[in-house]
Amino acid sequence: MRGENEKINQSRRDFFRRAILSSVSIVTGFSLFKVLNTKSKVNNFVIRPPGAVNEEEFLSKCIRCIKCVIACPYEVIISADAEDITDIGTPYLNLREGYCKLCADFPCIAACPTDALSDMVKKPKDVMMGTAVITNREACLALRGLRCEVCYRICPFIDEAIVIKERLNPYTLRHTIYEPIVHKEICVGCGRCEQACVLDEAAIEVLPLKRGDISKHYIEAYEI
Amino acid sequence: MKIKGSDKNYVQNRRIIRHIVQILFIILFFSPTIGYPSIYYGTLISSSFLGIELSDPLAVLENIAAHKHFYPDLIISGFIVLSFFILIGGRFFCGWVCPYYLLSEIINKVRNYFAIYDIKISSSFKYWFFISVLILSFILSLPIFEYFSPPGILLRTFFNGLGISIFIIISILLIEIFISKRVWCKSICPIGALYSIAGKFSKLKININKNICTNCIKCHNECIDSNMLQNITENAKGLEKNKIKKFDIESVKSGECTYCFQCYDVCPKKAISFGWIKANKN
């Protein structure tokens, strides 16, 4: 009788051992997968803090110390966790939550121990985080004929990065459309317009900056 | 005759002092959230203290490997930290600064009730892990250890709140409870490996008086890697107090020692002291 009890206890013990071992390995595997599954994220665009070099170089230079996150006086820079859109520990800006205030002394760049945030950036106009684009032209109030212009008024480089172009409203033929136009050479991508946009889903968004040249296959007729 | 290690100065409270230091460091890491960063801000990976840049030497090596470029400011900041810990003893960092070590110590108390396996991994495994981290960083051009470094994750959690990355900590802790005793600090952590190498050059060591020691192996149970104590205590003589005529003190020369002073606190004969390294007479 006693021997049988021992046997049952033994099998029960084995069961618990296996259960615990498998659950530990599941947790370990899950977390390792979550953390190391970074390859798929490389092409996703995220707004890096001011002075960030290009994405691949940034990922190799950044040591994930989050000093820039701590240094940011407005708590705009946040550090990514495993489930976020970018690599774990790297800093990025969520521009719908807040915008970069383009501090004159750039505490984030001063804090960076590596040159992941390059100190070549001296003044706000040197920053190149991205560029604002009116992505939802159908929703934009200004393009529908209302005098919104919030993005134009709030832009730190008013009349340089965003200008207002007036044209006739083709529907009424009597009124004017005050269309905001972004100049991406000047826009730094601080996200102030995206944050200020009065719509629920911002019609103007900050997108990656592509400074592409005209392709080699084309020539401009007036240059001949 | 006054025998070192058995005088009245021997107060077995080093563990409490160490825990206070560990908690003070955690408060120091928290300090920038209380007020605007002035004296100290940063994490264990890199921080500024009174305007001096300090960096984790492993992160510096990873940055060099990943970036394939020398950035002098970062190398200097890492060198300051490394030379400081060479001066006072390599793995002082582990025992007195690292927040994960504190967590691991707390978990180790629970382990007695839940341990189902006791797999022993050699403590030299962490050197291979250290080298492979650097090679992987070089190949992938990413500082690969910073993705799952427990002190890094813990400090990021302090500032960001809980995220999925805390599962890394949980899984290491589960392994430490159920499968292998303090395996991360003992035989995996590459930060510990780097400081162990640094510790080989340091001159401040734990010394054991072999004439007093009775080889009761109480210290072995407290030690993170009891091999380094075993080599010394198995030759212990355990003489009576009135028969001791001369010192026979041997230092724990291994760089693995984290200077946790658990052996110091637990020793019933008060045979352990901390001080300058003693030359081996053999």
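The structure displayed is predicted, hence computed values, not measured ones. (Residues numbered from 1 in each chain as written. Chains lettered and ligands numbered in written order. Predicted model: local features only at pLDDT ≥ 70, side-chain atom pairs only at ≥ 80, totals over all residues. Heavy atoms only, no water.)

(A) Inspection of the overall build of chain B at higher detail. Along chain B, the regular secondary structure elements total 13 helices and six strands. On C-alpha atoms alone, chain B measures out to a radius of gyration of 20 Å, which is about the 19 Å that the 2.2 N^0.38 rule sets for 282 residues. Considering only C-alpha atoms, chain B reaches an extent of 60 × 45 × 40 Å along its principal axes. Taken across its 282 residues, chain B has 54% of its residues classed as buried. For chain B, contacts bridging at least 24 residues in sequence account for 79% of all contacts bridging at least 6. Carbon and sulfur atoms provide 67% of the accessible area of chain B, an area that totals close to 13,300 Å². Here chain B contributes 31 positive and 17 negative side-chain charges, whose respective centroids are spaced 9 Å apart. (Helix = DSSP H or I, 4+ residues; strand = E, 2+ residues; numbered from the N terminus. Rg over C-alpha atoms; globule rule 2.2 N^0.38 Å. Buried < 20%, exposed > 50% of the residue type's maximum accessible area, 1.4 Å probe, protein only. Contact = heavy atoms within 4.5 Å. Areas by Shrake-Rupley, 256 points an atom, 1.4 Å probe, with all protein chains shown as cover. Lys, Arg positive; Asp, Glu negative; His and termini not counted. Charge placed at Lys NZ, Arg CZ, Asp CG, Glu CD.)

(B) Molecular detail of the interface of chain A and chain B. Listed by partner, the interface residues are 39 residues for chain A and 41 residues for chain B. Buried surface at the junction of chain A and chain B, summed over both partners, amounts to about 3,500 Å²; 70% is from carbon and sulfur atoms. Among the residues chain A hides against chain B, the three largest losses belong to Ile 63, Lys 67 and Ile 70 of chain A. Together they make up 17% of the total. In this assembly, chain A and chain B are joined by one salt bridge. Close ionic contact of Lys 67 of chain A with Glu 53 of chain B constitutes a salt bridge, the shortest N to O distance being 2.9 Å. Our count for the chain A to chain B interface comes out at seven residue pairs in polar contact (both at pLDDT 80 or more). Broken down by secondary-structure element, the contributors of at least two residues to the side of chain A that touches chain B are helix H1 (2-36), helix H2 (55-61), helix H3 (67-71) and helix H4 (107-111) of chain A. Split into classes, the residues belonging to the side of chain A that touches chain B amount to 22 nonpolar, seven polar and 10 charged. (Buried area = accessible area lost by both parts, 1.4 Å probe. Salt bridge = Lys/Arg side-chain N within 4 Å of Asp/Glu carboxyl O. Polar contact = N/O pair within 3.5 Å; in protein donor to acceptor, adjacent residues only side chain to side chain. Nonpolar A, V, L, I, M, F, W, Y, C, P; charged D, E, K, R; others polar.)

(C) Just the sheet that holds strand S3 (residues 52-55) of chain B, in detail. Residues and elements named next belong to chain B. Here three strands make up an open sheet; going across it, the order is S1-S2-S3 and the pairing antiparallel. Only two strands of the sheet have a single neighbouring strand rather than two, namely strand S1 (40-42) and S3. This sheet shows a mean twist of 20° between the axes of neighbouring strands, independent of strand direction. Of the strand pairs in this sheet, S1 and strand S2 (residues 46-49) are connected by three bridges, and their pairing is antiparallel. The partner of Gly 42 across the bridge, within S2, is Ser 47. (Pairing = 2+ DSSP bridges. Axes fitted to C-alpha atoms, helices over the stretch in contact; angles between N-to-C directions.)

(D) Here's a closer look at the pattern of salt bridges. Residue and element names in this part refer to chain A. For the coordinates displayed, the defined rule picks out 17 salt bridges over all chains. For the salt bridge of Lys 123 with Asp 126, the shortest nitrogen-to-oxygen distance reads 3.4 Å. By relative accessible area, which is 27% here, Asp 126 ends up partly exposed. One continuous salt-bridge network, built from bridges that share partners, spans Glu 57, Lys 61 and Asp 115.

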